[in-house]
Amino acid sequence: MTDDILVDTADGITTITINRPEAGNKFRVQTARELADALRRFRDDREQRVAILTGAGEKFFCIGGEHDPVTTADYGAIMPIVDVYELIDTVAKPVIAAVNGYAVGGGNVLHVVCDLTIAAENALFRQVGPIVGSFDAGYGTWYLEDVVGRKRAKEMWYLNRKYTASQALEMGLVNEVVPAAELAARARGLAVELKARGPLALAGLKSAFSGRHTGVAGQARMAHDQLLSMYLLTEEAHEVSASFAQRRAPDDGKFWR
């Protein structure tokens, strides 16, 4: 049983809640590992179609990472949060961020890498790296630039200003702002709406968006998870595979012109 997150699965919708409100829903090593495990289970469960990521309580979505003093460069001591960002970005299903309060530092990055963001009216967004001895030179910069533009992304990172939910909506940082009391219901309503969309179409679209920044990994994922999977269903693939197993020439009348 996990300690740092709560996971609920109902009607094909997985809700993942960071459950450390007393610590601002900061993620520590354990939290990141639990989030990654939950996202892998969501990815692999064919019954689950959409995920919602949120924070416990009414004040914090997530205010970033809770790092112990770094005394070694050993890989095992590194916060595995990039695994979480990567999974959110590449799992072939929609992930919705329901931002119920402060989204700061790594918490802001968390919602940025999600496919859609619904924010409560009391939500607040901020990047703080340079004033707390940290930075994100990957998802938190590249994807933020895609979302709000180069100049605004640099402003957020360099000047560390706070942005209200309405300001976030105006700059395109979030998709929608709702009263706090309506956030959970609105996020779930959006998830239900997404469930009515073709899952293969959504998977192909997500791979295309992700592949823009992930290079050969993104291309491989689209080629393998979508194109190859569909090809393996064709008569051509079945005949070629069967002919090889039976050590005969394929019946090329149907497939070669």
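Let me begin by describing the structure that accompanies this report. Everything numeric here is computed off the predicted structure, so don't read it as measured data. (Residues numbered from 1 in each chain as written. Predicted model: local features only at pLDDT ≥ 70, side-chain atom pairs only at ≥ 80, totals over all residues. Heavy atoms only, no water.)

**Overview of the packing of aromatic side chains**
- Counted according to the given criterion, the structure contains three aromatic pairs.
- Both rings, one in Y139 and one in Y143, keep their centres 5.2 Å apart while their planes meet at 70°; by these two values the pair is edge-to-face. Separated by four residues within a single helix, Y139 and Y143 lie in helix α5 (residues 139–148), roughly one turn from each other.
- Among the residues examined, Y143 registers a relative accessible area of 10% and is labelled buried.
- In textbook terms, an aromatic cluster arises when at least three aromatic residues are bridged by ring pairs, as seen for Y85, Y139 and Y143. (Phe/Tyr/Trp six-rings, centres within 6.5 Å; stacked < 30°, edge-to-face > 60°. Helix = DSSP H or I, 4+ residues; strand = E, 2+ residues; numbered from the N terminus. Buried < 20%, exposed > 50% of the residue type's maximum accessible area, 1.4 Å probe, protein only.)

**Structural notes on the pattern of salt bridges**
- Taken as a whole, this structure holds 13 salt bridges when the rule is applied.
- The salt bridge partner of R28 is D4, with a shortest N-O separation of 2.7 Å. With R28 in the loop between β2 (13–18) and α1 (29–44) and D4 in the segment before β1 (5–10), this pair connects stretches of sequence that are 24 residues apart.
- The class of R28 is partly exposed, set by a relative accessible area of 29%.
- One salt bridge connects E176 with R186, and the closest N-O pair in it is separated by 2.7 Å. Pair noted here: E176 is in strand β10 (residues 176–178) and R186 is in helix α8 (residues 183–195), with a separation of 10 residues, a long-range link. (Salt bridge = Lys/Arg side-chain N within 4 Å of Asp/Glu carboxyl O.)

**Focus on helix α10 (residues 235–245)**
- Of the residues making up α10, those classed as buried are A237, E239 and S243. When α10 is viewed along its axis, its buried side chains cluster within an angular range of 165° and face the same direction. Of the residues in α10, the exposed ones pointing more than 90 degrees away from the buried face are F244 and A245.
- At the exit of α10 stands R247, carrying a positive phi of roughly 55°. (Arc of directions from axis to C-beta.)

**Some details on a nonpolar patch on the surface**
- A grouping of Y231, L232 and V240 is seen on the molecular surface, where their side chains present a nonpolar patch of about 240 Å² in accessible area.
- Residue classification places V240 among the partly exposed positions, given a relative accessible area of 32%. (Patch = residues over 30% accessible without salt bridge, like charges linked within 9 Å, V, L, I, M, F, W, Y side chains within 5 Å. Areas by Shrake-Rupley, 256 points an atom, 1.4 Å probe, with all protein chains shown as cover.)

**Considerations on the environment of R43**
- Along the chain, the position of R43 falls in helix α1.
- Look at R43 and you get partly exposed, because its relative accessible area is 37%.
- Separated by 47 residues in the primary sequence, R43 and T90 have C-alpha atoms spaced 9.4 Å apart.
- If near-sequence neighbours (up to four positions away) are discounted, R43 is found in contact with L87, V91 and K93. (Contact = heavy atoms within 4.5 Å.)

**Here we look at the pairing of strand β3 (residues 50–55)**
- The element β3 is largely enclosed, with a buried count of six among its six residues.
- Side chains V50, I52 and T54 project from β3 onto one buried face, and the interleaved A51, L53 and G55 project onto a second face that is buried too.
- Two elements, β2 and β3, share six bridges in a ladder whose sense is parallel. The residue of β3 that forms the bridge with T17 is T54.
- The handedness of the β2 to β3 crossover, carried by α1, is right-handed. (Pairing = 2+ DSSP bridges. Right-handed = clockwise from strand over helix to strand, strands pointing away.)

**What to know about the packing of α5 against helix α6 (residues 150–159)**
- At a closest axis distance of 7 Å, the pairing of α5 and α6 adopts a crossing angle of 130°. Classified by the interaxial angle, the pair formed by α5 and α6 is oblique. The two elements α5 and α6 cross, and the hand of that crossing is right-handed. On α6, the residues touching G140, T141, L144, E145 and V148 of α5 are R150, R152, A153, M156 and W157.
- Taken together, the residues of the contact of α5 with α6 sort by class into five nonpolar, two polar and three charged. (Axes fitted to C-alpha atoms, helices over the stretch in contact; angles between N-to-C directions. Parallel < 35°, antiparallel > 145°, perpendicular 65-115°, else oblique. Left-handed = near helix turned anticlockwise from the far one by under 90°. Nonpolar A, V, L, I, M, F, W, Y, C, P; charged D, E, K, R; others polar.)

**So, the sheet that holds strand β9 (residues 163–164)**
- The strand order β4-β6-β8-β9 describes an open sheet built from four strands, whose pairing is mixed. The sheet is open, and its two edges are formed by β4 (60–62) and β9, each paired on a single side.
- In this structure, strand β8 (residues 124–126) lies alongside β9, joined through two bridges in antiparallel fashion. The residue of β9 that forms the bridge with L124 is T164.
- Helix α3 (residues 106–113) rests against β4, β6 (102–104) and β8 of the sheet, and its axis sits at about 95° to β6.

**Considering α5**
- Within α5 the residues assigned to the buried category are Y139, G140, Y143, L144 and V148. When α5 is viewed along its axis, its buried side chains cluster within an angular range of 120° and face the same direction.
- Positioned one or two residues after α5, G149 has a phi angle of 95°, which is positive.

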